[in-house]
Amino acid sequence: MNEIANLLEGFGSVLTPVNLLYVVLGCVIGTAVGVLPGLGSAMAVALLLPVTFTLDPLAALVMMAAIYFGGLFGDSISGILMNTPGNSTAIATSIEGHRMALNGRAPQALAAAAVGAFFGGLIATVLVVFFAPHLADLATRFGPGEYFALAVFAFVAISVVVSDSVLKGIAALLIGLALSVIGTDQVSGAQRFTFGSVELFDGVSVVVITVSMLAIGEVLYVASRIGRPDDRTLIAPQGRPYLTRSEFREMVPAMARGTAFGVPFGVIPAGGAEVPTFLAYGAEQRLDRRSRKPKFGTGAIRGVAAPEAAGNATAGTAMGALLALGLPTSATAAMLLAAFQQYGMQPGPLLFSRNGDLVWALMASLFIGMIVLLILNMPFARLWANLLKIPREYLYAGIAVFACFGVYAAAASIVDVVFMLVLGAIGFAMRRYDVPIAPVLIAVILGPLAETSLRAAMNNSGNDPLTLVSTPITITLYVLLAGVVAIGVFNKLKLRRGVRADAPE
């Protein structure tokens, strides 16, 4: 029960007018920055890090934690409304969320995202308070073989799930892997596919690829459809910015499953929340196919709630891994680690004994921040949805401008802007021929992890391939992968047979 007493003391420290003001300010800034393509919560924390030198340590840390969670919700707003997620963690949410917006249900989609994010973040933070040591133990069980198995699982499962054609999914995966190997080899230091260009020595930034494929590709695709017979005009947002009782009942099991996917990934340095959000989306899609009236593809509210719960659950347990182990499992967590270090604190096992008052106050601020985000974003769902009333030529021109700004601000490089335009054209072509974007982004994010893990596993075992399937975790992941592939292939064959049976003779 010491945890409850410590948490109550933390609430006593945070519940002051000044600290509450910084929590609200962080939530607003995080949401606003997350809406802009390419500017995620990590960049918001990075830009504000120098400013916090003048603040009290507790005020600075609670504001940055609020930015962390606020940025996750802001990323989803632009994804739902305009199919241009502010960051890659919101891609899965955008698939069904944007379809809801196309049908005039943008307020309900935003409300579902807010509730799902609150649910996942709340459950994860409670678990961190009481079970942080056990969650941290999970991370220590992952070696090179386990990381490689995890990456392969994500690659194949997502390629099979999100595409109507397995071949198109695998083609998209190969495009992403090709982009991920550009630059300096992390092991040998050799240059790969740089063609002698110094600008390519560090590879192509994930920010550039994400913004190019999602924002610029969508802008070009929408522009190509304007005035055509098959052009689908956005329906103005209609109705309530809240959820009915039946919608909430439908969401609760999906949010619980999404949270179950997200919690363990927060303590595993596997690239952030992209993998659990897609796994949560894929699980809901497979369950939907078994129902009498499938809703996925037309705007399923479960396809919004589950990925949002998974993403925020990952963020919650990532904070626990950062505090208990000093292990940053995402880019934003790495920036928070820098914030701790600038005040002379080193996250890890000794942090709770040396700076316990600050740590428990920070934990309390996470609960307050999630409540503030829910209060702020539920009433404003209809206001955000009104962005869809802006004429599309102005709306998507603004997206293109902010995308260029975000890419240039990340590294102040004109070369990145040129890459953005080239990759944006590729993203447009992929949309034009129904090639999924998600496998490209997953491959880019997890490709380096898969490569380094494979090479480390081979080096440590004397090039024995059996080391990749020598532990219970790796065997479990590969068995699950085989099951996912088998179910995916079976469902596609069943769907194809149904289409042939319904076709007129």
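These figures come from a predicted structure and were not determined experimentally. All residue numbers here refer to positions counted from 1 along the written sequence of the relevant chain. Thresholds applied to this predicted model are a pLDDT of at least 70 for local features of residues and 80 or more for the giving and counting of side-chain atom pairs; totals over whole chains, interfaces and linings are not thresholded and use all residues. To get the side-chain values, take all heavy atoms of the structure and skip hydrogens and water.

1. A few points about the packing of helix α9 (residues 206–225) against helix α18 (residues 414–432)
So, step 1. Following both chains from N to C, one finds α9 and α18 inclined at 55°, their axes separated by 7 Å at the closest point. With respect to their mutual orientation, α9 and α18 come out oblique. Crossing hand, α9 versus α18: right-handed.
So, step 2. Each residue belonging to the contact of α9 with α18 can be placed in one class, and the counts come to 15 nonpolar, five polar and five charged. Here, axes are lines fitted to C-alpha atoms. For helices the fit covers the stretch in contact, and angles between N-to-C directions go from 0 to 180 degrees. Helix and strand assignments come from DSSP, with helices taken as H or I runs of at least 4 residues and strands as E runs of at least 2, each series counted from the N terminus. For classification purposes, angles smaller than 35 degrees are called roughly parallel, those larger than 145 roughly antiparallel, those between 65 and 115 roughly perpendicular, and all remaining angles oblique. The sense of a crossing depends on the near helix, which, turned anticlockwise from the far helix by less than a right angle, makes the crossing left-handed and, turned clockwise, makes it right-handed. Each residue is assigned to one class: nonpolar for Ala, Val, Leu, Ile, Met, Phe, Trp, Tyr, Cys and Pro, charged for Asp, Glu, Lys and Arg, and polar for all the others, Gly among them.

2. What about the packing of α9 against helix α19 (residues 438–461)?
Each pair of packed helices can be described by the angle between their axes along with the distance between the axes.
So, step 1. One can describe the packing of α9 onto α19 by two numbers: an axis separation of 10 Å at closest approach and a directional angle of 180°. One element, α9, and the other, α19, form an angle in the roughly antiparallel class. Between α9, through V206, I209, T210, M213 and L214, and α19, the contact on the second element is made entirely by V440, L441, V444 and I445.
So, step 2. Partitioned by chemical class, the residues of the contact of α9 with α19 number eight nonpolar, one polar and no charged. Contact definition: two residues touch when any of their heavy atoms are within 4.5 Å.

3. A look at empty space enclosed by the protein
So, step 1. Here a cavity denotes a set of grid points, spaced 1 Å apart and computed over the protein atoms alone, in which a 1.4 Å probe fits but from which it cannot get out, and a pocket denotes an open set meeting protein on both sides within 12 Å along at least five of seven lines; residues with an atom within 4 Å of a point are reported as lining. Grid points are joined across faces, edges and corners, and a volume is the space filled by probe spheres set on the points. In this structure the tally under the stated criterion is five cavities of 30 Å³ or more.
So, step 2. Within this model, the largest cavity holds a volume of roughly 100 Å³.
So, step 3. Taken together, F69, F73, A114, A117, F118, N312, M370, L373, L374 and N377 make up the lining of the largest cavity.
So, step 4. Only α4 (57–82), α6 (106–140) and α15 (356–377) provide two or more residues apiece to the lining of the largest cavity.
So, step 5. Its residues placed into classes, the lining of the largest cavity shows eight nonpolar, two polar and no charged.
So, step 6. If you add up the space inside the second largest cavity, you get close to 50 Å³.

4. Structural notes on helix α10 (residues 245–265)
So, step 1. Expected span of a helix, by definition, is 1.5 Å for each gap between consecutive residues, and there is one gap fewer than residues. The end-to-end C-alpha separation of α10 is 31 Å, in line with the 30 Å expected for 21 residues at 1.5 Å each.
So, step 2. When we look at burial in α10, the residues that qualify are E247, M251, A254, M255, G258, T259, G262, V263 and F265. Throughout this description, buried means an accessible area under 20% of the type-specific maximum (1.4 Å probe, protein chains only), exposed means over 50%, and partly exposed covers the range between.

5. With respect to a nonpolar patch on the surface
So, step 1. Patches were defined on residues exceeding 30% relative accessible area and lacking a salt bridge, with like-charge contacts within 9 Å and nonpolar side-chain contacts (Val, Leu, Ile, Met, Phe, Trp, Tyr) within 5 Å. Only the protein chains shown count as cover for residues, and the accessible areas themselves come from Shrake-Rupley with a 1.4 Å probe. Definition used for salt bridges: Asp or Glu carboxyl oxygen within 4 Å of a side-chain nitrogen of Lys or Arg. Taken together, the side chains of I4, L8, V126, F130 and F131 define a hydrophobic patch exposed on the protein surface, amounting to about 420 Å² of accessible area.
So, step 2. Mapped onto the nonpolar patch, the elements with two or more residues apiece are α1 (2–14) and α6.
So, step 3. Considering every element that reaches the nonpolar patch, the biggest residue donor is α6, with three residues.
So, step 4. With respect to the helices and strands, I4 occurs in helix α1.

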